[in-house]
Amino acid sequence: MTDGSVVDSDDSMPCGETDREPDPSDSLRTFGAVLQALREHAGYSRAQFADLVSFSKHTVESVELGRRMPDVALVERSEEALGNTGALRRSAKHVTRGRGDVGLAAWFRQWARLERVAVSLCTYECRLVPGLLQSEGYARAVFEGTVPVAPDSLLEDFMARRMERQQMLFERPTTPFSFIVEEHVFRRGFGGLDQMREMLDHVLKLSAPRNVTLQIVPLEAGLHACLDGPMRLLETPRGQRYAYSEGQQNGRLISDVKEVSLLCQRYDTLRSQAVNAKDSRGLLERLRGEL
């Protein structure tokens, strides 16, 4: 926040939160263990149960392992699928946040919490493939290249969280996701050719649903309205709009109405300057063919 005030409690969390890693949450782990026990007692595998409750296997696994806060919809659907005993509804009321935020930078957590309830999400990126579109190999290369080097145990938490966040694109089919990405981002090499192809295939797959729009800013586009750097925009169920900008070792959640409005104008201007969604997919397919 620009003024240190508190975001509406129905949409997010206080923005004066300190930049420390959260303590592990016993309640999260306990809820996950109860869900797993009920699922196994009913005779469902994680994959079968995920299909039954219309969530991804990754999400079910993350909740059962105490890495993610259970969504209200997941709790309700799980209750119905597992006998309506009331155990999950009651225990969900006592779950507190903890490990569900492990794997997210301290300065990004507030945005991530808003992201979970947003009715629309927009991302402009000029440095790297947006996290919601990264392949596993690309994400691992990003995390392994950070300084200071993360220990293996923490690296796996980062990876699990990054892959889990991507499920939003499929679990929220009526929420529009818009991405505008510079062409050079997709041309930057990492790993081998197989990893590059996997990354482009992954982006094509995740940007295929009707609620996801990917536009590319071509190399020949020249200077444009968003040269100040990457940004993200969202709207909450109450119609509030927020922005997020990030730099070296820091990030800023922006709630000032005038500032957010300015960033929205810049994004809309760039949207008109970028290649349309259909031609952007064609460009990605050509890039893949060149490898």
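Residues numbered from 1 in each chain as written. Predicted model: local features only at pLDDT ≥ 70, side-chain atom pairs only at ≥ 80, totals over all residues. Heavy atoms only, no water.

## With respect to empty space enclosed by the protein
Part 1 of the argument: If you walk through the whole model with that rule in mind, you get 3 cavities of 30 Å³ or more.
Part 2 of the argument: One number sums up the size of the largest cavity: a volume of about 100 Å³.
Part 3 of the argument: Lining of the largest cavity is provided by 13 residues; of these, Glu-115, Thr-123, Leu-132, Phe-179 and Arg-232 occupy positions nearest its centre.
Part 4 of the argument: For the lining of the largest cavity, the secondary structure elements donating two or more residues are helix H6 (109-115), strand E1 (120-125), strand E2 (177-182) and strand E4 (231-235).
Part 5 of the argument: Top element by residues in the lining of the largest cavity is E1. It accounts for 3 residues.
Part 6 of the argument: Per-class residue counts for the lining of the largest cavity are 8 nonpolar, 2 polar and 3 charged. (1 Å grid on protein atoms, 1.4 Å probe; cavity = no way out; pocket = protein on both sides within 12 Å on 5 of 7 lines; lining within 4 Å. Points joined across faces, edges and corners; volume = space filled by probe spheres on them. Helix = DSSP H or I, 4+ residues; strand = E, 2+ residues; numbered from the N terminus. Nonpolar A, V, L, I, M, F, W, Y, C, P; charged D, E, K, R; others polar.)

## Some details on the pairing of E2
Part 1 of the argument: E2 sits mainly inside the fold: 6 of its 6 residues count as buried.
Part 2 of the argument: The side-chain alternation of E2 yields two buried faces, one formed by Phe-177, Phe-179 and Val-181 and the other by Ser-178, Ile-180 and Glu-182.
Part 3 of the argument: Strand direction decides the pairing type here: E1 and E2, joined by 5 bridges, are parallel. Directly across from Leu-121, in E2, lies its bridge partner Phe-177.
Part 4 of the argument: Where E2 lies against strand E3 (residues 212-217), 6 bridges are found, and the strand directions are parallel. (Buried < 20%, exposed > 50% of the residue type's maximum accessible area, 1.4 Å probe, protein only. Pairing = 2+ DSSP bridges.)

## Examining the packing of aromatic side chains
Part 1 of the argument: Summed over the entire model, instances satisfying the criterion amount to 4 aromatic pairs.
Part 2 of the argument: Ring centres 6.3 Å apart and planes at 40° place the aromatic pair Tyr-44 and Phe-49 in the tilted group.
Part 3 of the argument: For Tyr-44, a relative accessible area of 28% gives the class partly exposed.
Part 4 of the argument: Ring geometry for Tyr-138 and Phe-190: centres 4.9 Å apart, planes at 80°, overall edge-to-face. (Phe/Tyr/Trp six-rings, centres within 6.5 Å; stacked < 30°, edge-to-face > 60°.)

## Some words on helix H8 (residues 152-165)
Part 1 of the argument: An ideal rise of 1.5 Å per residue puts 20 Å on 14 residues; H8 measures up with 20 Å between its terminal C-alpha atoms.
Part 2 of the argument: Within H8, 10 of the 14 residues are buried, which leaves it mostly tucked inside the rest of the structure.
Part 3 of the argument: Taken residue by residue, H8 has Leu-155, Asp-157, Phe-158, Met-159, Ala-160, Arg-161, Arg-162, Met-163, Glu-164 and Arg-165 as its buried positions.
Part 4 of the argument: Structurally, H8 contributes buried residues whose contacts are with helix H3 (57-64), H6, helix H7 (136-144), helix H9 (168-171) and E4. (Expected span 1.5 Å × (residues − 1). Contact = heavy atoms within 4.5 Å.)

## As for the confidence of the model for the protein chain
Part 1 of the argument: Of the residues in the protein chain, 87% have a pLDDT of 70 or more, and the chain-wide mean is 84.
Part 2 of the argument: Put simply, H8 is where the protein chain has its lowest mean pLDDT, 80, and E2 is where it has its highest, 98.
Part 3 of the argument: Across residues 1-24 the pLDDT falls below 50, and counting only partners more than four positions away or on other chains, this stretch makes 54 contacts in the model. (pLDDT = per-residue confidence, 0-100.)

## Examining the sheet that holds E4
Part 1 of the argument: Strand order across the open sheet formed by 6 strands is E3-E2-E1-E4-E5-E6, with mixed pairing between neighbours. Two strands bound the open sheet, and with one partner strand each, they are E3 and strand E6 (250-254). On average, each strand axis in the sheet is inclined to that of its neighbour by 10°, with strand direction left out of account. (Axes fitted to C-alpha atoms, helices over the stretch in contact; angles between N-to-C directions.)

## Examining H3
Part 1 of the argument: Burial in H3 covers these residues: Thr-59, Val-60, Ser-62, Val-63 and Glu-64.
Part 2 of the argument: Packing partners of the buried residues in H3 comprise helix H1 (26-42), helix H2 (46-53), helix H4 (72-81), H8 and H9.

## Focus: the packing of H2 against H4
Part 1 of the argument: Where H2 contacts H4, the axes come no closer than 9 Å and their chain directions differ by 110°. By the criterion of interaxial angle, the relationship of H2 to H4 is roughly perpendicular. On H4, the residues touching Phe-49, Leu-52 and Val-53 of H2 are Leu-74, Arg-77, Ser-78 and Ala-81.
Part 2 of the argument: Counted by class, the contact of H2 with H4 contains 5 nonpolar, 1 polar and 1 charged residues. (Parallel < 35°, antiparallel > 145°, perpendicular 65-115°, else oblique.)

## Considerations on the pairing of E6
On a regular strand, each side chain points to the face opposite its neighbour's, so the side chains alternate between the two faces of the sheet.
Part 1 of the argument: For strand E5 (residues 241-247) and E6, the ladder comprises 5 bridges, and the chain directions are antiparallel. Its bridge partner lying in E6, Gly-247 is registered against Asn-250.
Part 2 of the argument: The antiparallel hairpin formed by E5 and E6 contains 2 residues in its connecting segment, where Gln-249 sits at a positive phi of about 60°.

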